[in-house]
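Chain by chain, the residues run as shown.
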Amino acid sequence: MTTRRRPRGFTLVEMIVVIVITGIIGAIVAIFLRAPVQGYVDSARRAEMTDIADTALRRISRDLRLALPNSVRVTTISGGSQFLEFIPTIGGGRYRDSTDSSGAGNILDFTMADTSFEVLGTMPPATGNQIVVYNLGISGADAYAGDNRRAVSGVTGNVISITSATALPFDSCQYDTSGNVVGGCRFQVVQNPVTYVCDPTAGTLTRWQETSFQATQPTTLPAGQPVMATNVSACSFTYDANVVAQRSGLVTMHLTITEQGESVGLYNATHVSNVP
């Protein structure tokens, strides 16, 4: 006779033993994997913070290289916020300083309120912008105050028309001992000032495209400006206007990003031309 055996399942004790063994194995695996996984997460966070700081400083440096000579201004206010301001240029050229042999040519006259002049060479993108001649950043030759800055009212051929109620203060031409022009006669085409605002209290670095020129550097940031970096815990801007024989300035920048108890700090230095 054949004896049939009924199929049997797992007992409760067997199931508990399996669960306990699986838990022990899982805990052992987790212990060995925790350090590498945490290290990867930490490295990724540090790389992200470095990238944020590096991108922000590169953007500022790129803008500063196009700054109008002698237009960089730095101010620190109570609370630690720092304001770095400059006037961006988008082009430039040479103006006619004298007529040709036949007496023709529209020169830029510095003895009167001249309202147009001829451009020698390629016409820069002047329409709708402003021109600046020989900016020294001092009283009487300060683009912020409008001494040597004029709005472009139109461009016809190679002639720029400007709005001018008074004469421009200084000619930028360079002359030899005989009075002959040997260089210069330059003008720059500019747009409204740009300010970078670093606020460690709010933890932000913001880029502000201003809507007008102000003789005194503004230190109040309007709402709604684009934020370039967050988690900013420290920053500093410094400006040396005469780092190379009064012809080149130096802007130094420090930016520190802090996240989850770790900080990444980067330093950058950018030369700006101060030859008007």
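Attention in this report is confined to the structure presented alongside it. Only a predicted model underlies this, so the values are computations on that prediction, with no experimental measurement involved.

Scoring rules and cut-offs
Residues numbered from 1 in each chain as written. Predicted model: local features only at pLDDT ≥ 70, side-chain atom pairs only at ≥ 80, totals over all residues. Heavy atoms only, no water. Helix = DSSP H or I, 4+ residues; strand = E, 2+ residues; numbered from the N terminus. Pairing = 2+ DSSP bridges. Axes fitted to C-alpha atoms, helices over the stretch in contact; angles between N-to-C directions. Buried < 20%, exposed > 50% of the residue type's maximum accessible area, 1.4 Å probe, protein only. Lys, Arg positive; Asp, Glu negative; His and termini not counted. Salt bridge = Lys/Arg side-chain N within 4 Å of Asp/Glu carboxyl O. Polar contact = N/O pair within 3.5 Å; in protein donor to acceptor, adjacent residues only side chain to side chain. Contact = heavy atoms within 4.5 Å. Disulfide = S-S within 2.5 Å. Phe/Tyr/Trp six-rings, centres within 6.5 Å; stacked < 30°, edge-to-face > 60°. Lys NZ or Arg CZ within 6 Å of the ring centre and 35° of its normal. Patch = residues over 30% accessible without salt bridge, like charges linked within 9 Å, V, L, I, M, F, W, Y side chains within 5 Å. Areas by Shrake-Rupley, 256 points an atom, 1.4 Å probe, with all protein chains shown as cover.

**Remarks on unusual backbone geometry**
With a phi angle near 60°, Asn70 is a residue other than glycine that sits in the positive phi range. Inspection of the secondary structure puts Asn70 in the loop between helix 1 (12-64) and strand 1 (73-76). Even without being a glycine, Gln260 presents a positive backbone phi close to 50°. Position of Gln260 among the secondary structure elements: in the loop between strand 15 (248-259) and strand 16 (262-273).

**Regarding the sheet that holds strand 6 (residues 149-156)**
Taken together, six strands build a closed barrel; the order of strands is 3-4-7-6-5-10 and the barrel is antiparallel. The sheet shows a mean angle of 50° between the axes of neighbouring strands, direction not considered. Where strand 4 (residues 116-120) and strand 7 (residues 159-163) come together, three bridges link them in antiparallel fashion. By the bridge assignment, Phe117 is partnered in strand 7 with Ile160.

**Structural notes on the side chain of Asp142**
Among the structural elements, Asp142 can be located in the loop between strand 5 (130-132) and strand 6. Although Asp142 is buried, it makes no salt bridge; Arg73 carries the closest opposite charge, 5.2 Å away. A distance of 3.1 Å separates a polar atom in the side chain of Asp142 from the backbone nitrogen of Tyr144. Not counting residues within four places of it along the chain, the set of residues in contact with Asp142 comprises Asn135, Gly137, Asp147 and Asn148.

**So, the state of the cysteines**
As used in these notes, a disulfide is a covalent bond between sulfur atoms, one from each of two cysteines. If you walk through the whole model with that rule in mind, you get two disulfides. The partner cysteine of Cys173 in its disulfide is Cys185, sulfur to sulfur 1.9 Å. An S-S torsion of about 120° defines the bridge between Cys173 and Cys185 as right-handed. Here Cys173, found in the loop between strand 7 and strand 8 (174-175), pairs with Cys185, found in the loop between strand 9 (181-183) and strand 10 (186-190); they are twelve residues apart in sequence, far enough to count as distant. On the basis of relative accessible area, Cys173 is assigned to the buried category, the value being 9%.

**Some points on the pairing of strand 12 (residues 204-209)**
Within a regular beta strand, the side chains point alternately toward one face of the sheet and then the other, so they alternate between its two faces. When you tally the buried positions in strand 12, you get five out of six residues, the bulk of the element. In textbook terms, the turn of a hairpin is the stretch between consecutive antiparallel strands, and for strand 11 (residues 194-199) and strand 12 this stretch comprises four residues, one of which, Gly203, has a positive phi near 75°. Pairing of strand 12 with strand 13 (residues 227-230), which is carried by three bridges, proceeds in the antiparallel orientation. Bridging from a neighbouring strand, Thr206 pairs with Val227 of strand 13.

**Observations regarding the packing of aromatic side chains**
In total, this model carries five aromatic pairs according to the counting rule given. Each ring, one from Phe86 and one from Tyr196, has its centre 6.3 Å from the other, and the planes form 20°; the classification is stacked. With Phe86 in strand 2 (residues 82-86) and Tyr196 in strand 11, the pair connects residues that are 110 residues apart, well separated along the chain. Here Phe86 falls in the buried class, since its relative accessible area comes to 1%. Overall, the relative accessible area of 0% leaves Tyr196 in the buried class. Centroid distance Tyr134 to Phe170: 6.3 Å. Interplanar angle 65°. Geometry classified as edge-to-face. Taken together, the residues span a long stretch of sequence, with Tyr134 in the loop between strand 5 and strand 6 and Phe170 in the loop between strand 7 and strand 8 at a distance of 36 residues. The side chain of Arg73 reaches across the aromatic face of Tyr144, ending 3.6 Å from its centre. Stacked on the ring of Phe213, the Lys or Arg Arg149 has its end atom at 3.9 Å from the ring centre.

**Description of the pattern of salt bridges**
Tallying each qualifying case throughout the model produces seven salt bridges. For Arg58, the salt bridge goes to Asp54, with nearest N and O atoms at 2.8 Å. Taken together, the residues Arg58 and Asp54, both in helix 1 and four residues apart, mark about one turn of the helix. Overall, the relative accessible area of 57% leaves Arg58 in the exposed class. Judged by its relative accessible area of 28%, Asp54 is partly exposed.

**Some thoughts on a nonpolar patch on the surface**
Together, Leu12, Ile16, Val20, Ile24, Ile28, Ile31 and Phe32 make up a nonpolar patch on the protein surface, roughly 750 Å² of accessible area in all. By secondary structure assignment, the location of Ile24 is in helix 1. On the basis of relative accessible area, Ile24 is assigned to the partly exposed category, the value being 47%.

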